[in-house]
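Per-entry structural report
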Amino acid sequence: MSIEIRNIRKNFGSFSALNDVSLDVPSGELVALLGPSGCGKTTLLRIIAGLETPDSGSIHFHGEDATARQVRDREVGFVFQHYALFRHMTVFENVAFGLRVRPKETRPSDAEIKRRVHELLELVQLDWLADRYPPQLSGGQRQRIALARALAVEPKVLLLDEPFGALDAKVRKELRRWLRRLHDELHITSIFVTHDQEEALEVADRVVVINKGRIEQVGSPQEVYDHPSSPFVYQFLGNVNQFQSHIHQGEAKIGDVGVKIDAHHETQNCAALAFVRPHDIEVFKERQGDKPVFEAVVSYIHAIGPLVRLELKRADQEELIEAELTQVRFRELGLVQGEHVFVYPRNVRVFLDKSA
Amino acid sequence: MSSAPISQHSSYHKKVARSRATSEPIWIRWLLIGITLMFLSLFLLVPLAAVFTEALRKGFDTYITALSDPDALSSIKLTLIAAAIAVPLNLVFGVAAAWAIAKFEFRGKSILITLIDLPFAVSPVIAGLIYVLIFGMQGWVGSTLIDHDLKVIFAIPGIVLATVFVTFPFVARELIPLMQAQGKDEEEAGLVLGASGWQILWRITLPNVKWGLLYGVILTNARAMGEFGAVSVVSGHIRGMTNTMPLHVEILYNEYNYAAAFAVASLLALLALVTLALKSFIEWNVERNAQQHEQSFN
Amino acid sequence: MAKQKNVLPGFNLSLGYTLLYLSLIVLIPLSAAFIKTTELSFNEFWAVVTAPRVLASYKLTFGASLLAALINAVFGLLTAWVLVRYRFPGKKIIDALVDLPFALPTAVAGIALTAVYAGNGWIGSWLEPHGIKVAFTPLGVIIALTFIGLPFVVRTVQPVLEDLEAETEEAAASLGANRWQTFTKIIFPAIWPALLTGFALAFARAIGEYGSVIFIAGNVPFVSEITPLIIITKLEQYEYASATAVAVVMLVISFLLLFAINGLQWWSNRHVSAVR
């Protein structure tokens, strides 16, 4: 089932949680709502579920206006951040709950409920925990039970609020791969909320970056990572070096160094922010012809792992540049702390400073 | 203004190993324990023991005779009736109030909580008085009621009303902090899974607060059966008609029939002991559950 | 009244029922007391509530309540301390018994205390030769009010004492404080709000108390007659308006105390969470 979100606004008192948000989620996709805490992503998810009502705007499920529909009639599955498992019920009863509360006419028989619950518990690979109570489970197990419970009512849409937020790093990685595989199996339209860019980029088909109640960018993980559409997205997705610069006719002036960029050819002397990813910083021991390079001093070397992280201090300013080199390249250069180097920004992206 | 809510009790008996630096010399410890036990004996144990001793002073036969007296039996019956009406009424109220206060935000909430506490602050005598003012002979609606041959004051309805008033906050006071602490995630989960409001209440909310609920009911019941001042004002002390057990105790005592007075009193004291035992049992249960939670988190 | 931003059902029903029931059982009947007093002119009202016998009863009620609450503050703190910090046989039973005054009907407490402290009672017969008369004197009133207020201080201080971290005391010890200094400078400031709250609760409860007092007090006008009894006496003489006048004075004081206690508890909770 597809979801269309139209011009949603939501205020809490004087705080604007969502400001004119529109979004299309095609059927069968796995979408991540990504943003810092307090950006409105959870509010948006709860509005889709019907747990909050928007001040204005509408939600359509498969083209039908569902804004006024009650939560229980929306056919959504919701996985809560802290799972919200029913403490006093066994795992089995938790998963069976959605079936048991149906009106008599549509309620499956006990045998059918039993069969379905065990099927779901097998799907989440926790059939052996059926008689346990939620407090007796680990975090990862609770998460999977919460998912099984949400799936039991055969929802048309699956909504997950920070599904891995409360888990430790190792379980987190395992579970997100598992969620991806599960989605590929079931193909149910799914939206999950996260503040972890790595999680969003790894799991989702599409990433929706949200900031301060507005959508900043929508795109595939590749798109949003490689072509961020705003300074916020650039900073939020991965490490980035940020430079104050001036743009003049297709050239970005950073300090005394002019870097050609393939944009803003018409712009005349305008303040801008320039962004370069650490792995797009090249380091040399000598000047490279007419390549525009910064002079810098190696101030710190972190050489554990496959990538070597360098902290470089620009000669013309107090600013630090972060660079990532492969171990091979690092050994080739044979850098030591305090060494004088030349730095070339390979891939510069600039955003005009509209306030200036 | 009653005991602290059950959620606070759950941390009792936590065993803390104390180093020498943060403990007192042994003689001070035993001195403090000794003074405490002395104080509690003088004020709690001795009076409690006195009730049973006095009740049995004239032998077991007198004791049984005193309890099987028709007036005594009718006072027991009336006490049970009053509690059987007051407890469910305040139970329903407590659940409704806790649902509104714990699960929703609205203006004036803290005022409402204070108002629910009001009956704790009111002297039982005044609790009786206000019903006399309304339903008594010269009261607001008293004369209308008499025209229809309905008696509230000096009759059972008055006793029930006074009992409801003095036990009004107990259940609500237990449930509100408990339900606030539990949040509304589980209820929302139930809603998304298709449960109706009543299904959520019966299958999710109430099972989650069952111990707090029981705790509140036990306190309500103990107070309902034991209330004296408020009931005394509205009852009119009509023997065999409007006497509850505590009032019957007073009448017998004022007639210098001490053995019989203490015999009826001993039943009420037993009720108190059962109440304390149940209360401890619930606290023990809650504490055990809390420990299980903690263990599984570690 | 409410701006609802919550999808859970039943708000209107539950709040509506709460307000209706609260009004019917508590608010309307209580307002009757205030309206009834308007039958008296202010001068009449003033004459009733300041009559010498009534004034004497205030003095006894508030004086005895204050003393009883003070006794409970001292021994309640001690009891809470011993129950939290020390181990001794029968501790769990003692802990449970602390709530006896909540559970025991006041009339039963009243006759039991009278039996024990009367001249021929277990304790009374032992005190009387020393010239200490308890039953049928103001001292008896204090004893009864101490009994019914006993659990309040214990039960408010106990959880706070439980939650105190041993580390802060260890820190104090490591910085050279002796045990007494640690208690007065570290522990007592932390439990002070709870102690004050428990004291206020015991005081408020004692002021309105009736059942446990009348048996042991002897009810001698000007000597051992408490204010609630004055109300009853006036009622029995069908002086409804003047009974209500005295009741209103007590109600106003009780309400003020209730607000003070709510404020104290708020302060106490804030204090505890700040200490953590």
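You'll find the structure just up there.
So, here's what we can say about the structure. (Residues numbered from 1 in each chain as written. Chains lettered and ligands numbered in written order. Predicted model: local features only at pLDDT ≥ 70, side-chain atom pairs only at ≥ 80, totals over all residues. Heavy atoms only, no water.)

Topic: the overall build of chain A
Definition in use: Helical segments are the DSSP runs of H or I of at least four residues, strand segments are the runs of E of at least two, and each set is numbered from the N terminus. Relative accessibility thresholds used throughout: buried, under 20% of the residue-type maximum; exposed, over 50%; partly exposed, between the two (1.4 Å probe, protein chains only). Whether two residues touch is decided by their heavy atoms; if any such pair falls within 4.5 Å, the residues are in contact. Per-residue and other accessible areas follow the Shrake-Rupley method at a 1.4 Å probe size, with only the shown protein chains counted as cover for residues. The charge count includes Lys and Arg as positive and Asp and Glu as negative, but it does not include His or the ends of the chains. The location of each charge is read from NZ of Lys, CZ of Arg, CG of Asp or CD of Glu.
Helix and strand counts for chain A come out as nine helices and 20 strands. With respect to the three principal axes, the spread of C-alpha positions in chain A is 80 × 45 × 35 Å. Expressed as a percentage of its 356 residues, the buried residues of chain A come to 52%. Contacts in chain A between residues at least 24 apart in sequence constitute 64% of all its contacts with a sequence separation of at least 6. About 16,500 Å² of surface is accessible on chain A, with carbon and sulfur atoms providing 48% of the total. For chain A, the distance from the average site of its 45 positive side-chain charges to the average site of its 51 negative ones is 5 Å.

Concerning the overall build of chain C
Scanning chain C from terminus to terminus reveals 13 helices and zero strands. What you see in chain C, going N to C, is helices and strands ordered as α-α-α-α-α-α-α-α-α-α-α-α-α. In chain C, 75% of the contacts between residues at least 6 apart in sequence involve partners at least 24 apart. Summed over all atoms, the accessible surface of chain C reaches about 11,400 Å², with 68% contributed by carbon and sulfur. One finds the centroid of the 17 positive side-chain charges in chain C at a distance of 5 Å from the centroid of its 15 negative side-chain charges.

Quick look at the pairing of strand β18 (residues 320-326) of chain A
All names here are of chain A. Threshold: In this scheme, strands are said to pair when DSSP sees at least two bridges between them.
Relative to β18, strand β17 (residues 307-314) runs antiparallel, the two being bridged by seven bridges. Looking at β18, one finds that K313 is bridged to L320. Counting the residues between successive antiparallel strands, the hairpin from β17 to β18 contains five residues.

Some remarks on the interface of chain A and chain B
Under the convention used in this document: Computed with a 1.4 Å rolling probe, the buried area is the accessible surface lost when two parts are put together, summed over both parts. Each reported salt bridge corresponds to a side-chain nitrogen of Lys or Arg within 4 Å of a carboxyl oxygen of Asp or Glu. Here a polar contact is taken to be a pair of N or O atoms separated by no more than 3.5 Å, where protein atoms must pair a possible hydrogen donor with a possible acceptor and residues adjacent in sequence count only if both atoms sit in side chains. Classes in brief: Ala, Val, Leu, Ile, Met, Phe, Trp, Tyr, Cys and Pro nonpolar; Asp, Glu, Lys and Arg charged; the others, Gly included, polar.
The interface of chain A with chain B comprises 25 residues on the first partner and 20 residues on the second. Interface area for chain A against chain B, summed over the two sides, is near 2,100 Å², with a carbon-plus-sulfur share of 62%. Linking chain A with chain B are two salt bridges, by the criterion used here. R46 of chain A is paired through a salt bridge with E188 of chain B; the nearest N and O atoms lie 2.7 Å apart. Between chain A and chain B we count seven residue pairs in polar contact (both at pLDDT 80 or more) in total. Going through the elements one at a time, β6 (76-79), α2 (91-100) and α4 (139-152) of chain A are the ones with two or more residues in the side of chain A that touches chain B. Its residues assigned to classes, the side of chain A that touches chain B shows 14 nonpolar, five polar and six charged.

A few points about the packing of aromatic side chains
Note the following rule: Geometry of aromatic contacts follows a simple scheme: Phe, Tyr and Trp rings, the Trp one being its six-membered ring, pair when their centres are within 6.5 Å, and the pair is stacked under 30 degrees between planes, edge-to-face over 60, tilted otherwise. The criterion is that NZ of a Lys, or CZ of an Arg, lies within 6 Å of the ring centre and within 35 degrees of the ring normal, and then a charge sits over that ring.
Scanning all chains against the criterion turns up 37 aromatic pairs over all chains. Measuring from ring centre to ring centre gives 5.0 Å for F39 of chain B and F43 of chain B, while their planes differ by 45 degrees; the resulting arrangement is tilted. With F39 of chain B and F43 of chain B both in helix α2 (residues 26-56), this residue pair falls four residues apart, about one helical turn. Judged by relative accessible area, which is 5%, F39 of chain B ranks as buried. The interplanar angle of 85 degrees and the centroid separation of 6.4 Å between the aromatic rings of Y238 of chain C and Y240 of chain C together place this pair among those described as edge-to-face. Under the relative-accessibility criterion, Y238 of chain C is labelled exposed at 62%. Residue class for Y240 of chain C comes out buried when judged on its relative accessible area of 13%. Site record: aromatic cluster; members linked through ring pairs are F228, Y253, Y256 and Y258 of chain B together with Y210 and F215 of chain C. The ring centre of Y225 of chain A lies 4.3 Å from the NZ or CZ of R277 of chain A, which sits over that ring. The cationic tip of R85 of chain C hangs over the ring face of W81 of chain C; the distance from NZ or CZ to the ring centre is 4.6 Å.

Side note on the pattern of salt bridges
Residue and element names in this part refer to chain A. This model, assessed by the stated rule, comprises 48 salt bridges over all chains. Close ionic contact of R69 with E64 constitutes a salt bridge, the shortest N to O distance being 3.4 Å. Its relative accessible area of 51% is what places E64 among the exposed residues. Residues joined by salt bridges that share partners form a network here, namely R172, K173, R176, R177, D196, E198, E199 and E202.

Brief notes about the packing of helix α4 (residues 70-103) of chain B against helix α1 (residues 11-37) of chain C
Worth spelling out the cut-off: Lines fitted to the C-alpha atoms define the axes, with helices restricted to the stretch that makes contact. Angles between their N-to-C directions range from 0 to 180 degrees. The cut-offs work like this: below 35 degrees is roughly parallel, past 145 is roughly antiparallel, 65 to 115 is roughly perpendicular, and the gaps in between are oblique. Handedness of each helix crossing follows the sense of rotation of the near helix against the far helix: counterclockwise by less than a right angle gives left-handed, clockwise gives right-handed.
The contact between α4 of chain B and α1 of chain C brings their axes to 8 Å, and the two run at 130 degrees. Relative to α1 of chain C, the element α4 of chain B is oriented oblique. As for how α4 of chain B packs across α1 of chain C, the hand of that crossing is left-handed. On the side of α4 of chain B, the interface is formed by L89, N90, V92, F93, A96, A97, W99 and A100 of chain B, while α1 of chain C contributes F11, S14, L15, Y17, T18 and Y21 of chain C. Residue composition of the contact of α4 of chain B with α1 of chain C, by class: eleven nonpolar, three polar and no charged.

Focus: the sheet that holds strand β14 (residues 270-276) of chain A
All names here are of chain A. The antiparallel open sheet is built from five strands, whose spatial order is β13-β12-β11-β14-β20. The outermost strands of the open sheet, each flanked by one partner alone, are β13 (257-260) and β20 (349-352). For this sheet, the mean angle separating the axes of adjacent strands, direction not counted, is 40 degrees. Where strand β11 (residues 241-248) lies against strand β12 (residues 251-254), three bridges are found, and the strand directions are antiparallel. Each residue of the ladder has a partner; that of I247, found in β12, is A252.

Overview of unusual backbone geometry
Backbone geometry places D20 of chain A, a non-glycine residue, at a positive phi of 55 degrees. Among the structural elements, D20 of chain A can be located in strand β2 (residues 15-25). On the basis of relative accessible area, D20 of chain A is assigned to the partly exposed category, the value being 35%. One non-glycine residue with positive phi stands out, namely Y238 of chain C, at about 60 degrees.

Quick look at the interface of chain B and chain C
Interfaces are often sized by the accessible area lost when the parts come together. Taken together, the 102 residues of chain B in the interface contact 104 residues of chain C. Both faces considered, chain B and chain C share a buried interface measuring about 9,200 Å² in area, 78% of it formed by carbon and sulfur atoms. Run the count over chain B and chain C and you get two salt bridges. The salt bridge involving E24 of chain B is made with R179 of chain C; its shortest N-O contact spans 2.6 Å. Where chain B touches chain C, the interface holds eleven residue pairs in polar contact (both at pLDDT 80 or more).

Observations concerning the environment of S123 of chain B
For S123 of chain B, the position within the fold is in the loop between α5 (109-121) and α6 (124-135). Distance from S123 of chain B to F106 of chain B, taken between C-alpha atoms, is 30 Å for residues 17 residues apart in sequence. A polar atom in the side chain of S123 of chain B sits 2.7 Å from the backbone oxygen of G208 of chain C.

Remarks on the sheet that holds β2 of chain A
Residues and elements named next belong to chain A. Ordered by their spatial adjacency, four strands build an open sheet running β2-β1-β4-β5, and the pairing between neighbours is antiparallel. Bordering the open sheet on either side are β2 and β5 (64-65), each of which pairs with just one other strand. Where strand β1 (residues 3-12) meets β2, seven bridges bridge the pair, whose relative direction is antiparallel. For E4, the partnering residue across the bridge sits in β2 and is D24. Across the sheet, helix α1 (residues 41-49) touches β1, β2 and β4 (56-61), and the angle it forms with β1 is around 120 degrees.

Some words on the environment of A252 of chain A
Residue and element names in this part refer to chain A. Within the secondary structure, A252 is located in strand β12. Note: C-alpha distance between A252 and T194 (58 residues apart in sequence) is 34 Å. Not counting residues up to four positions away in its chain, the partners in contact with A252 are S245, H246, I247, V257, G258, V259, I261 and V350.

A closer look at helix α14 (residues 245-254) of chain B
Each α-helix winds once per 3.6 residues, and so residues spaced three or four apart point in a common direction. The buried count for α14 of chain B comes to nine of ten residues, which makes it a mostly enclosed element. Within α14 of chain B the residues assigned to the buried category are M245, P246, L247, H248, V249, E250, I251, L252 and Y253 of chain B.

A few points about helix α3 (residues 110-123) of chain A
Residues and elements named next belong to chain A. For clarity, the cut-off: How far a helix is expected to stretch is found by multiplying one less than its residue total by 1.5 Å. Regarding the arc, it is the one traced by the directions from the helix axis to the C-beta atoms.
Helix length check: α3 (14 residues) gives 20 Å between terminal C-alpha atoms against 20 Å at 1.5 Å per residue, within 8%. Within α3, the full set of buried residues consists of I113, R116, V117, L120 and L121. End-on, the buried residues of α3 take up no more than an arc of 135 degrees, which puts them together on one face. The exposed set on the far side of α3, more than 90 degrees from its buried face, consists of A111 and E122. In this structure, the buried residues of α3 make contact with α2 and α4. Just downstream of α3, Q125 is the residue with a positive phi angle, here 60 degrees.

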